[in-house]
Amino acid sequence: MSLLSLRNVSKFYYSKGIVTSGFSRLSLDLDRGEFVVITGESGSGKSTLLNVISGLDTYEEGELYINGEETNAFTPKELEEYRKTYIANVFQSFNLIASYTVYQNVALILQINGVKYRDIRPKVEQALRKVGLWEIRHQKASRLSGGQKQRLAIVRAMAMEPDVMLFDEPTSALDPMMVGEVLNLIKDLADSGMTMVVVTHEMGFAREVADRVMLFHNGLVEEDCPPDQFFEDNQNPQVKEFLSHLI
Ligand code: ADP
Ligand code: MG
């Protein structure tokens with residue numbers, strides 16, 4: 001059984017009498033430990049998918065299963081529990097608390113999620129040491145470099161030991177110099193046993209670490225295959241078109 005399954009899920013936005021499709025009739029299975037890279041042009045539905053998977057957004061059609069359980073009928077409390085237990089999000093813009101220290105940013109999340117007081121310090125220490133941020137634990141988040149901010153956001157997301165980590169363009173707000181350090185950290189997580197879904201335009205990274213590469217176009221999944229197949233001799237016109245725009 002897949003960890004997460006979507007069956008013919010559609011997401012529509014209604015605004016001022018106009019209906020926009022986020023994505024339509026999407027079916028997808030995510031297995032435990034899988035590393036999936038999602039790419040595709042702006043507006044093709046990538047963020048919408050991550051938001052629906054993570055329960056940050058609703059969907060209008062279809063079914064979403066976690067461990068075989070249908071989530072459609074979840075109460076708000078069950079949905080919160082689902083988010084807490086299974087999901088962690090990493091966004092383009094870090095979403096850290098600027099006036100808090102590195103340490104406090106991680107500790108707060110553990111506290112909010114009900115980790116016992118005496119367990120917080122060892123958990124924060126372990127997490128920060130893993131990514132080399134322990135030495136600067138007393139620095140305010142606002143004083144970090146972009147790369148350090150995103151590494152902290154990733155550590156914070158990991159601290160609750162989620163089953164699924166969802167990254168929405170985690171390096172696109174960074175200076176080119178800092179992209180590598182963040183991608184390397186995400187790479188290191190590939191063997192963690194967590195399911196990783198990374199929306200990115202970094203195709204070198206996709207080729208190196210992904211189990212699957214998905215291409216979105218106009219709210220549809222145009223391709224979903226192993227990287228070898230995606231990058232070498234792919235005959236799908238949408239993939240060819242997409243690859244032809246890469247430098
Ligand atoms: P991507 O992340 O691939 O750039 P999105 O998932 O953000 O694409 O958007 C997919 C489609 O949904 C686009 O047509 C976009 O305009 C529309 N959309 C996204 N968010 C909203 C919103 N909050 N209200 C209305 N339309 C939206
Ligand atoms: Mg997006």
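Just so it is clear, the structure is predicted and the values come from calculations on it, not from any experiment. (Residues numbered from 1 in each chain as written. Chains lettered and ligands numbered in written order. Predicted model: local features only at pLDDT ≥ 70, side-chain atom pairs only at ≥ 80, totals over all residues. Heavy atoms only, no water.)

Trainee: Hey, could you run me through the pairing of strand S6 (residues 87-90) in this one?
Mentor: Successive residues of a regular strand alternate their side chains across the two faces of the sheet. Every second residue of S6 is oriented toward a common face, with Ile87 and Asn89 on one face and Ala88 and Val90 on the other, all of them buried. Looking at chain direction, S6 and strand S7 (residues 164-168) are connected through four bridges and run parallel. Counterpart to Asn89 in the pairing with S7 is Leu166. (Buried < 20%, exposed > 50% of the residue type's maximum accessible area, 1.4 Å probe, protein only. Helix = DSSP H or I, 4+ residues; strand = E, 2+ residues; numbered from the N terminus. Pairing = 2+ DSSP bridges.)

Trainee: I keep staring at the site of ligand 1 and nothing clicks. Help me out?
Mentor: Near ligand 1, the surroundings consist of Tyr13, Thr20, Ser21, Gly22, Glu41, Ser42, Gly43, Ser44, Gly45, Lys46, Ser47 and Thr48. The contact in question runs from a nitrogen atom of ligand 1 to an N or O atom on the side chain of Tyr13, over 3.4 Å. In this structure, Lys46 approaches ligand 1 through a side-chain N or O atom, which is 2.7 Å from an oxygen atom. In isolation ligand 1 offers 560 Å² of accessible surface; the protein chains occlude 61% of this area. Looking at the shell around ligand 1 residue by residue, the classes come out as one nonpolar, nine polar and two charged. (Near = heavy atom within 4 Å. Polar contact = N/O pair within 3.5 Å; in protein donor to acceptor, adjacent residues only side chain to side chain. Areas by Shrake-Rupley, 256 points an atom, 1.4 Å probe, with all protein chains shown as cover. Nonpolar A, V, L, I, M, F, W, Y, C, P; charged D, E, K, R; others polar.)

Trainee: Which parts of the structure should I look at to understand the packing of helix H5 (residues 146-158) against helix H6 (residues 176-188)?
Mentor: Any two packed helices are characterised by how steeply their axes cross, that is the angle between the axes, and by the distance between the axes. Running from amino to carboxyl end, H5 crosses H6 at an angle of 20°, the nearest separation of the two axes being 8 Å. Viewed along their axes, H5 and H6 adopt a mutual orientation that is roughly parallel. Of the two elements, H5 crosses H6, and the hand of that crossing is right-handed. Residues Gly146, Gly147, Gln148, Gln150, Arg151 and Ile154 of H5 pack against Met178, Glu181, Val182, Leu185 and Ile186 of H6. (Axes fitted to C-alpha atoms, helices over the stretch in contact; angles between N-to-C directions. Parallel < 35°, antiparallel > 145°, perpendicular 65-115°, else oblique. Left-handed = near helix turned anticlockwise from the far one by under 90°. Contact = heavy atoms within 4.5 Å.)

Trainee: Mind showing me how you'd approach empty space enclosed by the protein here?
Mentor: In this approach, a probe sized like a water molecule rolls over the atoms, and the result shows the empty space that is left. Here the structure, examined in full by the defined rule, presents one cavity of 30 Å³ or more. Reported here for the largest cavity is a volume of approximately 40 Å³. What lines the largest cavity is Leu50, Asn51, Asn89, Val90, Phe91, Leu166, Phe167 and Asp168. Looking at the lining of the largest cavity, the elements that each hand over two or more residues are helix H1 (46-53), S6 and S7. Take the lining of the largest cavity: its biggest share by element is three residues, from S7. (1 Å grid on protein atoms, 1.4 Å probe; cavity = no way out; pocket = protein on both sides within 12 Å on 5 of 7 lines; lining within 4 Å. Points joined across faces, edges and corners; volume = space filled by probe spheres on them.)

Trainee: Can you walk me through the packing of aromatic side chains in this structure?
Mentor: The relation between two aromatic rings is expressed through the spacing of the ring centres and the mutual angle of the planes. One pass over the structure, following the stated rule, counts six aromatic pairs. On the numbers, 6.2 Å between centres and 65° between planes, the contact of Phe74 with Tyr82 is edge-to-face. Classification of Phe74 by relative accessible area gives buried; the value is 17%. Among the residues examined, Tyr82 registers a relative accessible area of 4% and is labelled buried. (Phe/Tyr/Trp six-rings, centres within 6.5 Å; stacked < 30°, edge-to-face > 60°.)

Trainee: Would you take a moment to explain the sheet that holds strand S1 (residues 4-15) for this structure?
Mentor: Within a sheet, each strand pairs with its neighbour through backbone hydrogen bonds, oriented either parallel or antiparallel. Strand order across the open sheet formed by four strands is S2-S1-S4-S5, with antiparallel pairing between neighbours. Each edge of the open sheet is held by one strand with a lone partner, namely strand S2 (18-30) and strand S5 (69-70). Of the strand pairs in this sheet, S1 and strand S4 (residues 61-66) are connected by five bridges, and their pairing is antiparallel. Paired with Arg7 across the bridge in S4 is Glu63.

Trainee: Looking at this structure, I do not really get the side chain of Ser10. What am I missing?
Mentor: As for its placement among the helices and strands, Ser10 is situated in strand S1. When near neighbours in sequence (up to four residues on either side) are disregarded, Ser10 contacts Phe23, Ser24, Arg25, Tyr59, Glu60 and Glu61.

Trainee: Could you clarify how one ought to interpret the packing of helix H3 (residues 102-112) against helix H4 (residues 117-130) in this entry?
Mentor: Look at H3 against H4: their axes get within 10 Å of each other, and the N-to-C directions meet at 125°. Relative to H4, the element H3 lies oblique. The handedness of the crossing between H3 and H4 is right-handed. Taking contact as the criterion, the partners of Val102, Tyr103, Val106, Ala107, Leu110 and Gln111 in H3 are, on H4, Ile120, Arg121, Lys123, Val124 and Leu128.

Trainee: What is the right way to read H3 from this model?
Mentor: Each α-helix turn comprises 3.6 residues. Residues three or four places apart therefore point the same way. Residues of H3 that are buried: Val102, Asn105, Val106, Ala107 and Leu110. In this structure, the buried residues of H3 make contact with H4 and H5. In the stretch just after H3, Gly114 is the one whose phi turns positive, near 80°.

Trainee: Which parts of the structure should I look at to understand the pairing of S7?
Mentor: Buried residues dominate S7, accounting for five of its five residues. Residue alternation in S7 divides its side chains into two sets, Val164, Leu166 and Asp168 and Met165 and Phe167, and both sets are buried.

Limitation: the analysis is restricted to geometry and does not speak to function.
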